[in-house]
Amino acid sequence: MFGQFFFIHISFRSKVVYAAFGPLRKSKNQIEFYFNHGRVRMNRSFNNIKDRFSGYVLKSVKNNRKNFLDKKYKIEGLEFSDSEELYLGLEEAGDIIYHLEKAKERAYKGIAELKGLIDQVEDYKLFQILLSLPEKKKRIILLRIFYEQSFREIAEHLKIPEKKVSDTYYNIIKKIRKQLGDHRHGI
Amino acid sequence: MEFERLLQKAKKTDKEALLKVLEMYRPLLVKYAKVNGKVNEDLYQELVCTVLVCVKKFSM
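Predicted model, so just to flag it, every value in this text is computed and none were measured. Residue indices follow the written sequence of each chain, beginning from 1 at its first position. Each chain gets a letter, beginning with A, and each ligand a number, beginning with 1, in the order they are written. At least 70 in pLDDT is required for a residue's local features to be given in this predicted model, at least 80 for side-chain atom pairs to be given and counted, and no such filter applies to totals for whole chains, interfaces and linings, which use all residues. Heavy atoms from the whole structure form the basis of all side-chain values; hydrogens and water molecules are not counted.

### Observations regarding the overall build of chain B
Here is the rule we go by: Labels follow the DSSP assignment, with helices taken as runs of H or I lasting at least four residues and strands as runs of E lasting at least two, numbered in each case from the N terminus. By definition in these notes, contact holds between two residues if any of their heavy atoms fall within 4.5 Å. Each accessible area is a Shrake-Rupley result for a 1.4 Å probe, and residues are judged covered by the shown protein chains and nothing else.
A tally of regular secondary structure across chain B gives 3 helices and 2 strands. Its helices and strands in sequence order give chain B the pattern α-α-β-β-α, from N to C terminus. Considering only intrachain contacts with a sequence separation of at least 6, the fraction spanning at least 24 residues in chain B is 42%. Here chain B has roughly 4100 Å² of accessible surface; of this, 53% comes from carbon and sulfur atoms.

Encoded structure:
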């Protein structure tokens, strides 16, 4: 009877687990029988509370790490592409500051200057879109973005209501976003 | 079992027991708090929170 069983020594986390199996392909009931009658003996450490708890902690730590990193990279990704948008094709930050200061120094005189400003946009697609806008919209965009004027100032310059200026401005931005294929912020 | 008692104490929010449990799992937390080879403090904090929640939720 005893000869039918063979013993296997398995080392599990440096502790030895003794397990005895009968002839292979025993039915489930029989295996349970061996368990209940001590044919299969395992070291107690196999299912003690410490190991169970460690496993639980490990699993949730891994999951939380994953969630945290996902969130972090998502936020960082958004931040990065936002600042990228600001560049508008200009290569260096110094360049931007230089152009902004130059633009600020010059008071708004006419549309002739605006054309020069549009030429500074190096992104071809954006350039095309800006050029294709009607003259009035083009003026609003350029006054707002390149000269950093408030809606009220623009309204005074162009002699149209302030509300209309802001509405038009946000409409144009929305349109440009759509044409550039950018739906990220849903504006 | 020593650990079992410790965990039971920790479950009742015994401060010392909680600290002991955290001390025990510190190496694990440090390992998983690393991002690009550097320990990310925010992530570490998050993981400490995780362990505390685990202690609370674990059923013995």
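### Thoughts on the pattern of salt bridges
All names here are of chain A. What counts here: Salt bridge, as used here: a side-chain nitrogen of Lys or Arg that lies within 4 Å of a carboxyl oxygen of Asp or Glu. Note on classification: 1.4 Å probe, protein chains only; a residue is buried when its accessible area is under 20% of the maximum for its type, exposed when over 50%, partly exposed between these limits.
Counted under the stated rule, the structure contains 4 salt bridges over all chains. Of the charged contacts, one joins Arg-152 and Glu-162 as a salt bridge, the two residues approaching to 3.5 Å between their closest N and O atoms. Residue Arg-152 is found in helix H7 (residues 151-158), and its partner Glu-162 is found in helix H8 (residues 162-180); the two are separated by 10 residues along the sequence. Judged by its relative accessible area of 36%, Glu-162 falls in the partly exposed class. For Asp-167, the salt bridge goes to Lys-163, with nearest N and O atoms at 3.6 Å. Pair noted here: Asp-167 and Lys-163 are both in helix H8, with a separation of 4 residues, about one helical turn.

### A closer look at the nonpolar core
Side chains of a nonpolar character, in soluble globular proteins, are inclined to be buried together. Which entries qualify depends on this criterion: What is meant by a nonpolar core is a set of buried Ala, Val, Leu, Ile, Met, Phe, Trp, Tyr and Cys residues, joined one to another through side-chain atoms within 4.5 Å.
Membership of the largest hydrophobic core comes to 27 residues, with the highest contact counts inside it found for A:Phe53 and B:Val21. Contributing elements (two or more residues each) for this core: helix H2 (49-87) of chain A together with helix H1 (2-11), helix H2 (15-32) and helix H3 (41-57) of chain B. Those residues in contact with A:Phe53 that lie beyond four places of it in its chain are B:Phe3, B:Leu7, B:Val21, B:Tyr25, B:Cys54, B:Val55 and B:Phe58. Within the second largest apolar cluster, 20 residues are counted, among which are A:Leu143, A:Ala155, A:Ile172 and A:Ile173.

### Digging into the packing of helix H6 (residues 135-145) of chain A against H8(A)
Residue and element names in this part refer to chain A. Put simply, the test is: Interaxial angle, 0 to 180 degrees, is taken between N-to-C directions of lines fitted to C-alpha atoms, where a helix line uses only the stretch in contact. Roughly parallel means an angle under 35 degrees; roughly antiparallel, over 145; roughly perpendicular, 65 to 115; everything else is oblique. Under the grouping applied here, Gly and all other residues not named as nonpolar or charged are polar, the nonpolar ones being Ala, Val, Leu, Ile, Met, Phe, Trp, Tyr, Cys and Pro and the charged ones Asp, Glu, Lys and Arg.
Contact pair H6 / H8: the axes reach a minimum separation of 10 Å and the direction vectors enclose 95°. The orientation of H6 relative to H8 falls into the category roughly perpendicular. The segment H6 lies against H8, with Lys-137, Ile-140, Ile-141, Arg-144 and Ile-145 engaging Val-165, Thr-168, Tyr-169, Ile-172, Ile-173 and Lys-175. Taken together, the residues that form the contact of H6 with H8 break down as 7 nonpolar, 1 polar and 3 charged.

### Some remarks on the interface of chain A and chain B
Quick note on the threshold: Polar contacts here mean pairs of N or O atoms no more than 3.5 Å apart (in protein, one a potential hydrogen donor and the other a potential acceptor; neighbouring residues in sequence count only if both atoms are side-chain atoms).
Counting residues at the interface gives 19 residues for chain A and 26 residues for chain B. One can count 0 salt bridges joining chain A with chain B. Across the chain A-chain B interface, the total number found is 4 residue pairs in polar contact (both at pLDDT 80 or more). Classifying every residue of the side of chain A that touches chain B gives 9 nonpolar, 4 polar and 6 charged.

### Structural notes on the packing of aromatic side chains
Rule in force here: The rule is short: rings of Phe, Tyr and Trp, with Trp giving its six-membered ring, pair when the centres are within 6.5 Å, and they are stacked under 30 degrees, edge-to-face over 60, tilted in between.
Inspection of the entire model under this criterion finds 7 aromatic pairs over all chains. Each ring, one from A:Phe53 and one from B:Tyr25, has its centre 5.7 Å from the other, and the planes form 70°; the classification is edge-to-face. With one member in each of two chains, A:Phe53 in helix H2 and B:Tyr25 in helix H2 form a pair that bridges those chains. One exposure class covers both A:Phe53 and B:Tyr25, and it is buried.

### Side note on the environment of B:Thr50
You can see B:Thr50 is positioned in helix H3. Residue classification places B:Thr50 among the buried residues on the basis of a relative accessible area of 5%. In contact with B:Thr50, other than residues within four places in its own chain, are A:Ser60, A:Val61 and A:Asn64.

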